[in-house]
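# Notes for the structure review
If you want the building blocks of each chain, they are given just below.
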Amino acid sequence: DGGITQSPKYLFRKEGQNVTLSCEQNLNHDAMYWYRQDPGQGLRLIYYSQIVNDFQKGDIAEGYSVSREKKESFPLTVTSAQKNPTAFYLCASRNSKTFNEKLFFGSGTQLSVL
Amino acid sequence: KNEVEQSPQNLTAQEGEFITINCSYSVGISALHWLQQHPGGGIVSLFMLSSGKKKHGRLIATINIQEKHSSLHITASHPRDSAVYICAVPNYGGSQGNLIFGKGTKLSVKP
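Residues numbered from 1 in each chain as written. Chains lettered and ligands numbered in written order. Predicted model: local features only at pLDDT ≥ 70, side-chain atom pairs only at ≥ 80, totals over all residues. Heavy atoms only, no water.

Right, let's get into the confidence of the model for chain B. Per-residue confidence for chain B gives a mean pLDDT of 92; residues scoring 70 or more make up 95%. Between the elements of chain B, mean pLDDT differs from a low of 90, seen in strand β10 (residues 99-101) of chain B, to a high of 98, seen in strand β8 (residues 69-74) of chain B. (pLDDT = per-residue confidence, 0-100. Helix = DSSP H or I, 4+ residues; strand = E, 2+ residues; numbered from the N terminus.)

Take a look at the structure:
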């Protein structure tokens, strides 16, 4: 079955540590997105990529980094510069960059600080 | 920038009740999305609509473009419908292809 796989489901970060969240899709989608969800808030865009080897900052990119070396993969690194990383992180993809395409989501990663 | 408001924030219903969740937005749009977030966190796209009404099983989504308002209805609600329902609209002034998401409506259906 086609879909988006995020791992791990739970992740703990120590102070000063960088951690990487994995996102893999086998839907052959061009566009991929990373969102952050905080309690009581709407999803906010961290980074997005429309094509391999290209990505753009979203609304809250500070303290995060991404890469898009393969169409299927869009990992997110939460760096030590992100001072408040505790949140639920969702990866999504769609067939094209237009607004009128459905978004497909992964099951999310809950990141907590030790 | 588009503003999205959902109501109610929380909703408790008895099994079998008819449910309505509302979404209002401030800027005219080409399409609106309804999403369902399961208790485990995963999100599923329910509907994408630009006019009129769409139906899938017991779920019905309507949109009034002139009034900038959409509703999600659930007929004969069931405990398995318990989830957070989120509406989202295009962010025309922001990152290309991105959506602005409402804060969600948490629905709990009691048996």
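The next point concerns the sheet that holds strand β7 (residues 59-64) of chain B. All names here are of chain B. Judged by pairing direction, the sheet is antiparallel, and its five strands sit side by side in the order β1-β3-β8-β7-β6 without closing on themselves. Either end of the sheet is taken by a strand with one partner, and the two such strands are β1 (4-7) and β6 (52-56). On average, each strand axis in the sheet is inclined to that of its neighbour by 15°, with strand direction left out of account. Relative to β8, β7 is paired through six bridges, and the arrangement is antiparallel. Each residue of the ladder has a partner; that of Ala61, found in β8, is Leu72. (Pairing = 2+ DSSP bridges. Axes fitted to C-alpha atoms, helices over the stretch in contact; angles between N-to-C directions.)

Let us now look at the environment of A:Asn26. Tracing the sequence through the fold places A:Asn26 in the loop between β3 (19-25) and β4 (31-37). Measuring from C-alpha to C-alpha, the distance between A:Asn26 and A:Ile4 comes to 6.8 Å, with 22 residues separating the pair along the chain.

All names here are of chain A. The final tally for this structure, using the stated rule, is two disulfides over all chains. Two residues, Cys23 and Cys91, share a disulfide whose sulfurs are 1.9 Å apart. Note on the Cys23 and Cys91 pair: the S-S dihedral is about -70°, so by sign convention the disulfide is left-handed. In this pair, Cys23 is assigned in strand β3 and Cys91 in strand β9 (residues 87-94), connecting sequence segments 68 residues apart. The residues Cys23 and Cys91 share a single accessibility class, namely buried. (Disulfide = S-S within 2.5 Å. Buried < 20%, exposed > 50% of the residue type's maximum accessible area, 1.4 Å probe, protein only.)

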